[in-house]
Amino acid sequence: MPSEFRLPALGADMDEGTILEWHVAPGARVKRGDVVAVVETDKGAIDVEIFIDGVLREIVVQPGTKVPVGTVLALVDVEGAEAAAPSPPMAVQRGGDGRAKISPAARRRARELDVDVASLHGTGPDGAITIEDVERAKPSPEPSPPVPQRPPARAAEGAGEGEKMREAIAAAMSRSKREIPHYYLSHTVDVTSATEWLAAHNAAVPVTQRLLFAALLIKAVALACRELKGFSGYYRDGRYDEASAVHVGVAVALRGGGLVAPAITETADKPLVALMDDFRALVTRARAGRLRASELAAPTIILTSLGEDSVDAVFPIIQPPQVAIVGAGSVVERPWVVDGKIVPRQVLVLSLGADHRVTDGRLGAQFLARVAAQLVHPESL
Amino acid sequence: MDRDPLARRVLELLTEIAPDVDPATVIPGIDFRDQFDFDSMDTLNFAIALNRELGVEVPETDYARLASLDKCVAYLEPRVK
C-alpha cells in the first residue's frame, strides 16, 4: 500500500490551493521535510513539504489544478511496513473533519466527476465513501449550493491577488467572531529593563546578531504558554486540545495590504539569537511570497505586535481553531510611578484575546502577567 | 565612493532586502517608512546588507540616519572607502 501525500491544511482561512509545480518526479526518493511542490493559495505561493520517507510512485494532481485541502496529491511507496502511517508534521494536522475514508477507485471517480470528497457522507463499511456515493453527489449543471465558509473564496474567483487575500482574511475573521466567545484583557507593562538590556546587547554584538524587541515578546509568549495551559492549542469538534509543543505564529503585515501569520516552530526551546534568525527569515519569505506550508499551518497561538510608532494597544481576534492571541502595542515613553516618584519609563500595552469555551478572564490575567514577568527579566529569556 | 554610484548601490541593496518595493518609485527625500511601510525588521535587514556589501557597521543608535535614500547617502558617503 503506498502512502498518500495530501494537500496539508494551511490555516483556518485557506481551504484550497492550485498546484503550480512539482520539484520531484516519479521514482524520486523523498524524505521528511523535503519541499516537493509549490502551491498557489490566497496568501501567495507556498512551498509544500512532504512528511513521508520513501519513493514517489505517482503524481496524482498535475500543475494547474485547483484542489481542496486534504486532496491526495501524490502516492509514495514507503520503505518498511511500520512506516505506513507517517506522523503528522505539526500538531495542527486535521483530525476527523472532512478526512474521508474512500477507496482509490471512488476517489478516481470523484476526480472525474469533479466531486468534493470532503463534502460526502460515506455509506460503505465504517462510513467509507463508495463509488455510488460519489455518483449520487455528481454536480448538476446548476452550481451546487455553497458549502458553509466557502462563499468568500467563491466570490473571490477572478479577483486580484490582494482582493483574494482580503476575502480569505474576512472569511477567517467572520468565522472567528461567529464561533468564538472572545474575552479581552489588557495590561500595561514597564519594559524599560527589557529595552535597556536589548540596547546593550545590540551594541555589543555584530549586526547579524542584533535582536528586535518583538523577538523578546515572541519568546515571552512561548514561555508563558508552557507555564499555563489553555492558550496554546486547538478547539475542534467541541473540545480543546493543548498542543504538545508551542509554535508561536507571528502576524506579518504585507506591503500593499494583507496579513499572514506563519509560525516559529518549537518557539519555547529556541535561544533568542536562533529565534531571531528564524523570525527574520520568516518575515523575508512572507514578504517575498515564499512561505512553507508547515509554517502556515503550525501556529498554536499568535502574537500580533504593532511595532514602532504605531498605536498603544490592539484588541486581537483569534484565528480558529486556535484559542488565544496576544497583542502588543508600540513601546512608548510615558510618565510612570516608581517608588512614589513620577519618572519617564518605556511602557507597552499587552493584550489578550482568548476563548471563553476554554478559559476565563482570571486565568487570562495570570497568563498576561506571566508574559509581562518574562519581559522584566530579559536576560533569562 | 561618488554620490550617484553610491545612491544606486544603496537602492540595489534596498530592493534586495525588500523585493516587494519597486526601485523606480523610491523618492530620495522621503523616509522609507512613509513611502512603503519600512519597519524595524526592514531596517535591521538593511543594516545587515550595508555591513555585508559596503563594509559599514551602522550602530543601532544611528538607524534614524538611514531613514531615506538622501539620508543614507549623506551618512554613508564619508564612511565607504
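Rules used in this analysis
- Residues numbered from 1 in each chain as written.
- Chains lettered and ligands numbered in written order.
- Predicted model: local features only at pLDDT ≥ 70, side-chain atom pairs only at ≥ 80, totals over all residues.
- Helix = DSSP H or I, 4+ residues; strand = E, 2+ residues; numbered from the N terminus.
- Buried ≥ 20, exposed ≤ 12 C-beta atoms within 10 Å, placed from the backbone.
- Contact = placed C-beta atoms within 7 Å.
- Expected span 1.5 Å × (residues − 1).
- Core = buried A, V, L, I, M, F, W, Y, C linked by C-beta atoms within 7 Å.
- pLDDT = per-residue confidence, 0-100.
- Pairing = 2+ DSSP bridges.
- Nonpolar A, V, L, I, M, F, W, Y, C, P; charged D, E, K, R; others polar.
- Axes fitted to C-alpha atoms, helices over the stretch in contact; angles between N-to-C directions.
- Parallel < 35°, antiparallel > 145°, perpendicular 65-115°, else oblique.
- Left-handed = near helix turned anticlockwise from the far one by under 90°.

Draft legend 1. Seen up close, the overall build of chain B. Of regular secondary structure, chain B possesses four helices and zero strands. Each helix (α) and strand (β) of chain B, taken in turn from the N terminus, gives the series α-α-α-α. Based on the C-alpha atoms only, the size of chain B along its principal axes is roughly 30 × 25 × 20 Å. Per-residue burial for chain B yields a buried fraction of 26% across its 81 residues. Restricting to contacts in chain B with at least 6 residues of sequence separation, those with at least 24 account for 61%.

Draft legend 2. Focus on helix 3 (residues 40-54) of chain B. The end-to-end C-alpha distance of helix 3 of chain B, which contains 15 residues, comes to 20 Å, matching closely the 21 Å that a straight helix rising 1.5 Å per residue would cover. The inward-facing, buried residues of helix 3 of chain B contact helix 7 (272-288) of chain A together with helix 1 (3-17) of chain B. Positive backbone phi, at 70°, marks Gly55 of chain B, one or two positions downstream of helix 3 of chain B.

Draft legend 3. Seen up close, the environment of Asp42 of chain B. All names here are of chain B. Locating Asp42 in the fold gives a position in helix 3. Residues Asp42 and Leu14 lie 28 residues apart in sequence; the distance between their C-alpha atoms is 8.9 Å. With residues up to four places along the chain from it excluded, the contact list for Asp42 reads Ile17 and Ala18.

Draft legend 4. How the structure looks around the nonpolar core. Residues and elements named next belong to chain A. Residues Ile218, Val221, Val248, Val250 and Leu303 are the most contacted members of the largest nonpolar core, which totals 106 residues. In terms of residues, this core owes the most to one element, helix 6 (residues 213-227), which gives 11 residues. Discounting chain neighbours no more than four positions away, the residues touching Ile218 are Val248, Val250, Ile264, Thr267, Leu275, Phe279 and Leu303.

Draft legend 5. Seen up close, the environment of Arg166 of chain A. Residue and element names in this part refer to chain A. Secondary-structure assignment places Arg166 in helix 4 (residues 161-179). Judged by the 18 C-beta atoms lying within 10 Å of it, Arg166 is partly exposed. Measuring from C-alpha to C-alpha, the distance between Arg166 and Asp278 comes to 26 Å, with 112 residues separating the pair along the chain.

Draft legend 6. Seen up close, the environment of Lys219 of chain A. All names here are of chain A. Summarising the element assignment, Lys219 is placed in helix 6. When the C-alpha positions of Lys219 and Tyr235 are compared, they lie 23 Å apart, and in sequence the two are 16 residues distant. Excluding residues within four positions of it along the chain, Lys219 makes contact with Thr267, Leu272, Leu275 and Leu381.

Draft legend 7. Quick look at the confidence of the model for chain B. Residues and elements named next belong to chain B. This prediction gives chain B a mean pLDDT of 91; 98% of its residues lie at or above 70. Between the elements of chain B, mean pLDDT differs from a low of 88, seen in helix 2 (residues 32-36), to a high of 95, seen in helix 4 (residues 69-76). Confidence estimates for the predicted assembly give a pTM of 0.77 and an ipTM of 0.90.

Draft legend 8. Focus on the sheet that holds strand 8 (residues 72-78) of chain A. Residues and elements named next belong to chain A. The sheet built from four strands is open, its strands ordered 1-8-6-3 with antiparallel pairing. Edge positions in the open sheet fall to strand 1 (3-6) and strand 3 (29-30), since each of these has one partner strand only. Across four bridges, the pairing between strand 1 and strand 8 is antiparallel. Note on strand 8: the bridge partner recorded for Arg6 is Val72.

Draft legend 9. Examining unusual backbone geometry more closely. Residue and element names in this part refer to chain A. The omega angle of the peptide bond from Pro320 to Pro321 is 5°, so this bond is cis rather than trans. You can see Pro321 is positioned in the loop between strand 17 (301-305) and strand 18 (324-328). Unusually for a residue other than glycine, Asp339 sits at a positive phi of about 50°. For Asp339, the location among the structural elements is in the loop between strand 19 (332-338) and strand 20 (341-355).

Draft legend 10. A look at the pairing of strand 8 of chain A. All names here are of chain A. Summarising burial for strand 8: five of the seven residues are buried, a large majority. Direction of pairing for strand 6 (residues 54-59) relative to strand 8: antiparallel, over a ladder of five bridges. Residue pairing across strands places Leu56 opposite Val76, the latter belonging to strand 8.

Draft legend 11. Looking closely at the interface of chain B and chain A. On the chain A side, the residues contacting the 15 residues of chain B number 14 residues. Of the residues belonging to the side of chain B that touches chain A, the class tally is seven nonpolar, three polar and five charged.

Draft legend 12. Broad picture of the packing of helix 6 of chain A against helix 9 (residues 361-376) of chain A. All names here are of chain A. Viewed as axis vectors pointing N to C, helix 6 and helix 9 meet at an angle of 130°, and their least axial separation amounts to 8 Å. Between helix 6 and helix 9, the interaxial angle falls into the category oblique. Here helix 6 runs over helix 9; the crossing is right-handed. Mapping the contact onto sequence places Leu216, Ala220, Val221, Leu223, Ala224 and Glu227 in helix 6 and Phe367, Arg370, Val371, Gln374 and Leu375 in helix 9. Its residues assigned to classes, the contact of helix 6 with helix 9 shows eight nonpolar, one polar and two charged.

Draft legend 13. Geometry of the sheet that holds strand 7 (residues 66-68) of chain A. All names here are of chain A. Sheet architecture is open: five strands sit in the order 7-2-4-5-16, paired in mixed fashion. Strands at the two margins of the open sheet, each flanked by one partner only, are strand 7 and strand 16 (291-292). In terms of strand pairing, strand 5 (residues 44-49) meets strand 16 through two bridges, oriented parallel. In the sheet register, Asp47 faces strand 16, and the bridge partner there is Arg292.

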